[in-house]
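These are the residues of each chain, in order.
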Amino acid sequence: MEDILAAVGPRLKRIRLQRDCTLAALSQTTGISVSTLSRLETGQRKPTLELLLPIAQAHQVPLDELVGAPPVGDPRVRLKPVKHGDTTVLPLSQHPGGLQAFKMIINTDRNAPELRTHEGYEWLYVLGGTLRLVLAEHDLLLRTGEAAEFDTRVPHWFGSTGDGPVEVLSLFGPQGERMHVRARPRGK
C-alpha cells in the first residue's frame, strides 16, 4: 500500500506537466491550494479521495489513472465442458452452494425418459432445439425461447425429442428458490 501511495505524487506531477498546466492553474480549477498540490506531488501529503477527485476531474482522467490502479483482468469466462453420457455440461457459476447455472447440450440419443427425484428447484430455458420435459404425469415440449420451472422432488426427466440435439440453460437452486416462468403442455 505504501508503494502505491508513494507513486501517486510523481504520477500527479507527470499528468499535470503533460497537460502543460501550472500548479496555480490547477489550484484555480480544483479549489485546492498550491501548497497542498505541491505537497501531494512531492509525497509530503497523503492523497485522499477528496483531493484526488477534483484533480481527476480537472485533468479529465479516470481516478484509476491517478492512483495507478492495476488494469482490469480479462473478463472472459473460460468454460470447461464436462461430458455426462449423452449431455455436455458447461458450469456457468463457480461457487458451490446456492443457485447454480449450467449450459447443457443434450444429444439426440437422450430421448428415453428415466424419471428421478432429488432436493432442489430447477429452472430450464431452451436456447435451441426442442426439449422434452416429463414432470410427473405431464409430458411437455419446450421450444426455443420457452422456459419451465419445477420442484425437483417431483419425479422428472428432460432430454431430446429424438429429432435433434437441444441446448438448454439450467438454473438449479436450493429448495424454495423459484423463478416464476411457466411452460405450456405438450401438444397444445
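Nothing here was measured: the structure is a model prediction, and the numbers come from that model.

*Asks:* Whenever I open this one, the overall build of the protein confuses me. Can you help?
*Replies:* Looking only at helices and strands, the protein features five helices and nine strands. Helices and strands in the protein line up, N terminus first, as α-α-α-α-α-β-β-β-β-β-β-β-β-β. Evaluated residue by residue, the protein yields a buried proportion of 35% over its 188 residues. In the protein, the share of contacts with a sequence separation of at least 24, taken over all contacts with a separation of at least 6, comes to 62%. Total accessible area on the protein is roughly 11,400 Å²; 54% of this is exposed by carbon and sulfur atoms.

*Asks:* Teacher, can you tell me more about the sheet that holds strand β5 (residues 130–135) here?
*Replies:* Hydrogen bonding along the main chain pairs the strands of a sheet, whether they run parallel or antiparallel. One open sheet holds the three strands; their spatial order is β6-β5-β8, and the pairing between them is antiparallel. Two strands lie at the open edges of the sheet, namely β6 (138–143) and β8 (156–160), each paired on one side alone. Ignoring which end each strand starts from, the neighbouring axes of this sheet average 20 degrees apart. Summarising the sheet, β5 and β8 pair through five bridges and their orientation is antiparallel. Bridge pairing in β8 links Leu131 to Ser160.

*Asks:* Looking at this structure, how should I read the packing of aromatic side chains?
*Replies:* A ring pair, where both rings are aromatic, is described by two values, the distance of the centres and the angle of the planes. Within the structure shown, the criterion is met by one aromatic pair. With a centroid separation of 6.1 Å and 10 degrees between ring planes, the pair formed by Trp123 and Tyr125 is classed as stacked. Seen from the ring of Phe158, Arg110 lies directly overhead, with NZ or CZ sitting 5.2 Å from the centre.

Cut-off values and rules
Residues numbered from 1 in each chain as written. Predicted model: local features only at pLDDT ≥ 70, side-chain atom pairs only at ≥ 80, totals over all residues. Heavy atoms only, no water. Helix = DSSP H or I, 4+ residues; strand = E, 2+ residues; numbered from the N terminus. Buried < 20%, exposed > 50% of the residue type's maximum accessible area, 1.4 Å probe, protein only. Contact = heavy atoms within 4.5 Å. Areas by Shrake-Rupley, 256 points an atom, 1.4 Å probe, with all protein chains shown as cover. Pairing = 2+ DSSP bridges. Axes fitted to C-alpha atoms, helices over the stretch in contact; angles between N-to-C directions. Phe/Tyr/Trp six-rings, centres within 6.5 Å; stacked < 30°, edge-to-face > 60°. Lys NZ or Arg CZ within 6 Å of the ring centre and 35° of its normal.

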